[in-house]
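Coordinate inspection notes
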Amino acid sequence: MFGWFRGSKRKNEVDMNQVRKERIAKDLEAFQKAVEVKLQEILNAPCDLNIAPAPGSINEEDRYTFTHPRRGLAVIINNEKFGYVKNLGDRNGSSADAHYLFNMFKLLGFQVLHATNLTAQKMLVLLKTVAKNFDHQNSDCFACSILSHGDQIFSKKDVDTCQRKDILYGVDGETLPTELITEIFDDQHCQALIGKPRLFFFQACRGDTLDEGVDITVLHPRLSDTRKLESTEESSSVDPPDFGTKNEDDMEARAERHVPSEFYLNQVVIDPAPLYKDCLVMYATPPGYYAWRRGTGAWFIQSLCDVLTSDPVRFGKIDLQKALVHVSRNVAYNYESNMPENKKFHAKKESPVLYSMLVKDIYFNVTRGEAMNI
C-alpha cells in the first residue's frame, strides 16, 4: 500500500512537470509571435532619417557605411522587478535608465524595441527573433542594451586552467551568458549584419569585488574642445542619503554566488571577451566587480546617454569609440559612492570597460528614429 502511494506521488510529480513544461512552451510561443508582430510594426513605420553632412576630413575607407535606408534596430531589455527570486532584489532606478536609453537611441536614428522584465528564456527568444526577422540587410548597424542583475561563473578547462564567463539574470533567476547573447548576431547566425557594426551595452554586476579607486593629483587641468561631453550638474557625483539602502546594485544580495572555489583560485583563469569582427561590447564595470546604480539610474547608463546625445556625437563630429572613452572617463572621475554609514561600500568607484573588434570608425550623423514597446 505504501509502495503504491510513493509510486503514485512520483507519477503526479512527473505529470505536473510535464504540464509546467507545456505551459512554458506555449507562453514562449505566444511571446515570440508578439515580438514578430512588434517587429513588423516597426518595419512598417516610416523611417525618415535626417542625415547631416559628414566632416570632410574623414576618409570614407576608415568609417562604416551609414547610408542604408535604416539606421538599424536598438533592443533594450530592462529587468527591474525580480519578485521573489532568492538573493535578487528589485533594481530600483532601472526604469529611468531604460527611458534615457530609449530617447538616446531614437536621437541617434535607431528604431527601438523595448522589453521589460523578461525571463532568461524570453530574453533568448526575443534576441533570436530579432536576429531572424528584422530587416538588417537595409540597416547600418544593430544595437542592444541589457539592464539586469549579473555575475560571473567559473568552469574547469583542464588541470591548470579554468574559464571565467559573465552571466545575466532573467527575472525568473535563470541566467544567460553574455557570449551567447552576442553570438546570436555574429556573421554565422545573422548574415545580414556581415560587415556592419554590432553594439552591446551591459549594465550588470560582473562579480562582487569593490573598486577602492586611487588618489591622483591633477597639476594642470585642461578642457578640450569637446568639453560638451563632460558631465553636467544632472550627473552629480554625490549620492542621495538613502543610497545605501535601496539605490546600490543589490550588494547585500550576494549570499549564494557563482564564485570560484579554492581549487579555481589556484588556477590560471582564462577570460575571453565575447567578441568577433565588427563587434563592440561595453560593460558598466571590469570583470569580477560590482556595478553601481542609484534610484535615479546607473552611473554607466546615465553617462552613456549624456555623452551619446551630445551634439558632437549626434552630428558626426566625433566617432563612437572616442565618445565611449569619454563615458569611461566621466564615470571613473566623477562618480563615487557616498555611504558613510556603511564603510564597506563607502567611497567606492567604477570604471566601464570597452571591448572592440570594430575595423572602422562609427560616425552618427542623423537625428530621428521610431520606437515600439513590448
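Every chain begins its residue count from 1, and numbering advances along the sequence as written. Local features are withheld for residues below a pLDDT of 70 in this predicted model, meaning they are given only at 70 or higher, and side-chain atom pairs are given and counted only at 80 or more; totals for whole chains, interfaces and linings count all residues. Side-chain figures throughout are based on the complete set of non-hydrogen atoms in the structure, without hydrogens or water.

- Looking at an unreviewed UniProt entry, one finds the protein chain named Caspase-3-like isoform X2, with Biomphalaria glabrata as its source organism.

1. Some details on helix α7 (residues 299-308)
- For every residue, the accessible area obtained with a 1.4 Å probe (protein chains only) is divided by the maximum for its type, and the residue is called buried under 20%, exposed over 50%, and partly exposed between those limits. For helices the rule is a DSSP run of H or I covering at least 4 residues; for strands it is a run of E covering at least 2, with both sets numbered from the N terminus onward. Across the 10 residues that make up α7, a large majority, nine, are buried.
- When α7 is considered as a whole, its buried residues turn out to be Trp299, Phe300, Ile301, Gln302, Ser303, Leu304, Cys305, Val307 and Leu308.

2. Comments concerning the pairing of strand β12 (residues 353-356)
- The alternating pattern of β12 places Val353 and Tyr355 on a buried face, while none of Leu354 and Ser356, on the opposite face, is buried.
- Across four bridges, strand β9 (residues 279-283) lies against β12 in antiparallel orientation. Bridging across to β12, Leu280 finds its partner in Ser356. Following DSSP output, two strands are said to pair if at least two bridges run between them.

3. Considering the packing of helix α2 (residues 94-107) against α7
- All axes are obtained by fitting lines to C-alpha atoms, using only the stretch in contact for helices, and the reported angles, taken between N-to-C directions, cover 0 to 180 degrees. Viewed as axis vectors pointing N to C, α2 and α7 meet at an angle of 20°, and their least axial separation amounts to 10 Å. Judged by the angle between their axes, α2 and α7 are roughly parallel. Handedness of the crossing formed by α2 with α7: left-handed. Taken together, the residues of α7 that come into contact with α2 (itself represented by Ala96, Asp97, Tyr100, Leu101 and Met104) are Ile301, Gln302, Leu304, Cys305 and Leu308.
- Amino acids outside the nonpolar list (Ala, Val, Leu, Ile, Met, Phe, Trp, Tyr, Cys, Pro) and the charged list (Asp, Glu, Lys, Arg) are all regarded as polar, and Gly is one of them. Of the residues assigned to the contact of α2 with α7, the class counts are eight nonpolar, one polar and one charged. Relative orientations are named as follows: roughly parallel for angles under 35 degrees, roughly antiparallel for angles over 145 degrees, roughly perpendicular for angles from 65 to 115 degrees, and oblique for any other angle. Take the far helix as the reference: if the near one is turned anticlockwise from it by less than a right angle, the crossing is left-handed, and if turned clockwise, right-handed. Two residues qualify as a contact provided that any one of their heavy atoms is within 4.5 Å of a heavy atom in the partner residue.

4. Let's talk about the pairing of strand β1 (residues 70-78)
- Of all the nine residues making up β1, nine are buried; the element is thus mostly covered by neighbouring parts of the structure.
- Pairing between β1 and strand β3 (residues 139-147): eight bridges, direction parallel. Across the sheet, Leu73 pairs through a bridge with Phe142, a residue of β3.
- A crossover counts as right-handed when, viewed with the strands pointing away from the observer, the path leading from the first strand over the helix to the second turns clockwise. With α2 bridging β1 and its parallel neighbour strand β2 (residues 111-116), the resulting β-α-β unit is right-handed.

5. A look at the packing of aromatic side chains
- Planes of paired rings set the category: under 30 degrees apart is stacked, over 60 is edge-to-face and the rest tilted, where pairs are Phe, Tyr or Trp rings (Trp by its six-membered ring) whose centres lie within 6.5 Å. Scanning the model with the defined rule gives 12 aromatic pairs in all.
- Relative to Trp299, the ring of Trp292 has its centre 5.5 Å away and its plane inclined at 10°; by these criteria the two rings are stacked. Considered together, Trp292 and Trp299 belong to a single accessibility category, that of buried residues.
- Its end group placed over the ring of Tyr283, Arg206 keeps NZ or CZ at 3.6 Å from the ring centre.
- Between the NZ or CZ atom of Arg329 and the centre of the ring of Tyr333, over which it lies, the distance is 5.0 Å. Should the NZ of a Lys or the CZ of an Arg lie within 6 Å of a ring centre and within 35 degrees of the ring normal, that charge is described as sitting over the ring.

6. Observations concerning the nonpolar core
- In this structure, Leu101, Phe105, Phe201, Leu304, Leu308, Leu324 and Phe364 are the most contacted members of the largest nonpolar core, which totals 46 residues.
- The element contributing the most residues to this core is α7, with seven residues.
- Judged by nonpolar contacts, the second largest core, of 40 residues, contains Ala120, Ile146, Phe185 and Phe202. By nonpolar core we mean a set of buried residues, namely Ala, Val, Leu, Ile, Met, Phe, Trp, Tyr and Cys, connected to one another through side-chain atoms within 4.5 Å.

7. Overview of unusual backbone geometry
- Non-glycine residue Asn87 carries a positive phi angle of around 70°.
- Relative to the assigned elements, Asn87 resides in the loop between β1 and α2.
- Owing to a relative accessible area of 21%, Asn87 belongs among the partly exposed residues under this scheme.
- Residue Asn117 is not a glycine yet carries a positive backbone phi of 55°.
- Here Asn117 is to be found in the loop between β2 and α3 (120-133).
- Given a relative accessible area of 28%, Asn117 falls into the partly exposed group.

8. Here's the deal with α3
- End to end, α3 covers 20 Å across 14 residues, agreeing with the expected 20 Å (1.5 Å per residue, within 8%).
- Buried residues dominate α3, accounting for 10 of its 14 residues.
- Here α3 has its buried residues at Ala120, Lys122, Met123, Leu124, Val125, Leu126, Leu127, Thr129, Val130 and Ala131. Every helix has an expected span of 1.5 Å times one less than the residues it contains.

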